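# Secondary and tertiary structure notes
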Amino acid sequence: MQKGALTIVVYLLFVLLLLIPRVCDAKPRWASWPPNEDTLYKYYVGRSGNAESEAAAFNEAIRDAANQAIRENFGVTTSVESDSYEQESITRFTKRIREKTSTARLEGFEKVDSDTDERDGKITVWALFRYSKAAIQAEKKRLDALGDQPTATIFSEAGPTDAAKGVLEIKTTPSGAEISVDGKSLAFLKTPLRYSGEISTGEHLLQIEHPQYVTETQRFIMVPGTTVRINKILKPAYATLDVSSTPSGATVLIDGITKGKTPVAVKIPASTRVKLELEHELTERVSEEVIVAKDSTKSITRTLPRKPGVITILSKPSKVNFELSGPGFRKKGKTPTGPITLPLGEYMLTLRAAGYSILETRFSIESNLETVLPVYTLSKLSYLSVKTSPKRASITVSAVSGNAKVQGTTPLRRIALSAGTYDIVIEKDGYQKYEDRITLAQAEHSELSAIELKRELSYLEQSWEPRYESKPNLGISSTAPELDLFGNFPGPSFIIAFGTSVTMSPIQSLSSLVSFGVSLSFQLRTRCVGIEFEGIYGVSSSFTSKTGRFALPVYLAPSSGFFISPEIHWVTTDIKYYDQSKWLWDKKEATVSQTGVGLGLGWMIYTNSLNVLLRGGIIGFGDSASRVKGQTAYYFTVGFYDGW
């Protein structure tokens, strides 16, 4: 058991040791443990010291890795001249590093990864390279064939062969630079250059010019019979590219590397063809090649072409016909659709299916992003049939909201309409106009089959016709359109109501008890004043009450159902109680009669299907003949009424 635990501890310590470099130094694993060689490649990690700039750090790391590869494979030590990079991002995206040495060529020496650390203003770079084993073998064969032959530099020669006056020998990395001495350009000669017998004795100013590198100047002294040798590693020169776009906020890429969003000023290698790309989520990607001379600025403004939009049309039910129209665009088909590419603009979508209402909607395509349309649900059609007596009356059915209208003559049979509210107007010569409003639910078939058109009255009949008040055409009204209960004609009306009553006890000792019962009332009304009698029978756990009520309801207006009524109540209460004066309580019964005066409020509501009565009041009761004290009581009644 102890041996197994010790094994686990050792294993955990080993894993911890593997993780410590990554956790503590925040470096990739390969920076401390280079990958082992495989069947195709050997791997080398180059490291820079504390360099002052990122470019110097990368160059140092590259030289370190290259020297390792040369020493291991070819057994020589030499300095390695490499391309100079001033930006980490450029080096990271450089896949192949071209190196030259005095003896070996590092072909097939490729950069795999790099990592940078900056502390206290000093920069350290790690660079991982792989070296093709096939390239190593090929280079060994080449070197074996060459032997120890020195590498000769081929110079451009100028001046007489007599070098008695002195020789100026110039090498640059890279080669191909133009030379000027004391302002005199040697335009047709490029480095490496040997210039003989043309420069006078003394101090001179040398200028090295290359379109892609920083201009270098150096003073030298020419001595007869000697050779002045000058070697220069040129520093890359840069130019500025000001990029703006419409719309703004486009991502700028130079040779595939992101440089920011427009508007932005970007440094690029001077006199070097670079690929400029602009991309924006709302537009097409555009690209072009750009060359800018060193130490100069070039402004580029581009209007990016907008991408088309994409939609998908879905509906319930599916497989309905659609028509889509917009600016220079028209398409028909059936739902559901696949993605449809549309130019920017306003569109009208129309959906049609047998047995369903036509659905029309507008929408806008404002960007290349996918426009998510809702799942359009078509409503089933409703149907209306109308019969009149007599027939062949002119009928118009108009939507209350919208332009839908149907005209024809009765009988109207199964006219298809969308769900909604419609006004119906029926006219026929010699008959009074008929008007009504109906609401059709979805998929409903409504039949109006009992419309009796009334004949128009003659002039004599009209002169004797009573003039009634108009009746409100509302869903809830205090006026019954058939019975005219509330004063719409001079005659009296008789109302009978049946309901449920809730009443507080009028007896002081039973004040906390409530009786529930039924009520039956009769009312005789003329216009604004009525006479009402009501009987209420109520029961509770301790008593039973029988109440009679006489009231004089006064209505607020002839056509109103609101009333206020002074009232007289008389109530007889049968009480069941226990006599507590005796040792054993004795159950007793008593009957108490009381009379009270009160005030009530009520509302008689007429609806299209039901007549409802709401009433409540407060009554003050006096003492009964059996010396039971009375008190204030309340009642509330809900009932239904009808009348003649």
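Note: the structure precedes this text.
Here's a quick rundown of the structure. Fair warning: this is a prediction, and the values are worked out from it, not measured in the lab. (Residues numbered from 1 in each chain as written. Predicted model: local features only at pLDDT ≥ 70, side-chain atom pairs only at ≥ 80, totals over all residues. Heavy atoms only, no water.)

A word on the overall build of the chain. Check the secondary structure of the chain and you find 5 helices and 43 strands. Across the 644 residues of the chain, 39% fall into the buried class. Within the chain, contacts between residues separated by at least 24 positions form 55% of all contacts whose residues are at least 6 apart in sequence. In the form shown here, the chain has an accessible surface area of approximately 37,300 Å², with 54% of it arising from carbon and sulfur atoms. (Helix = DSSP H or I, 4+ residues; strand = E, 2+ residues; numbered from the N terminus. Buried < 20%, exposed > 50% of the residue type's maximum accessible area, 1.4 Å probe, protein only. Contact = heavy atoms within 4.5 Å. Areas by Shrake-Rupley, 256 points an atom, 1.4 Å probe, with all protein chains shown as cover.)

Here the focus is the sheet that holds strand β18 (residues 297-303). Taken together, 3 strands build an open sheet; the order of strands is β15-β12-β18 and the sheet is mixed. Across the chains shown, the open sheet's two edge strands, defined by having one partner strand only, are β15 (264-269) and β18. Neighbouring strand axes in the sheet, compared pairwise and without regard to direction, differ in orientation by 30° on average. Bridge analysis of strand β12 (residues 238-246) against β18 gives 7 bridges, and the strand direction is parallel. By the bridge assignment for β18, Thr-240 is matched with Thr-297. (Pairing = 2+ DSSP bridges. Axes fitted to C-alpha atoms, helices over the stretch in contact; angles between N-to-C directions.)

Of the two faces of strand β36 (residues 514-526), only the one carrying Ser-515, Gly-517, Ser-519, Ser-521, Gln-523 and Arg-525 is buried; Val-514, Phe-516, Val-518, Leu-520, Phe-522, Leu-524 and Thr-526 on the other face are not. Strand direction decides the pairing type here: strand β35 (residues 493-504) and β36, joined by 12 bridges, are antiparallel. Residue Ile-496 lies in a different strand from β36, and its bridge partner there is Phe-522. Strand direction decides the pairing type here: β36 and strand β37 (residues 529-539), joined by 11 bridges, are antiparallel. Bridging across to β37, Ser-519 finds its partner in Ile-536. Linkage of β36 to β37, two consecutive antiparallel strands, is achieved through a turn of 2 residues, within which Arg-527 is found at a positive phi near 50°.

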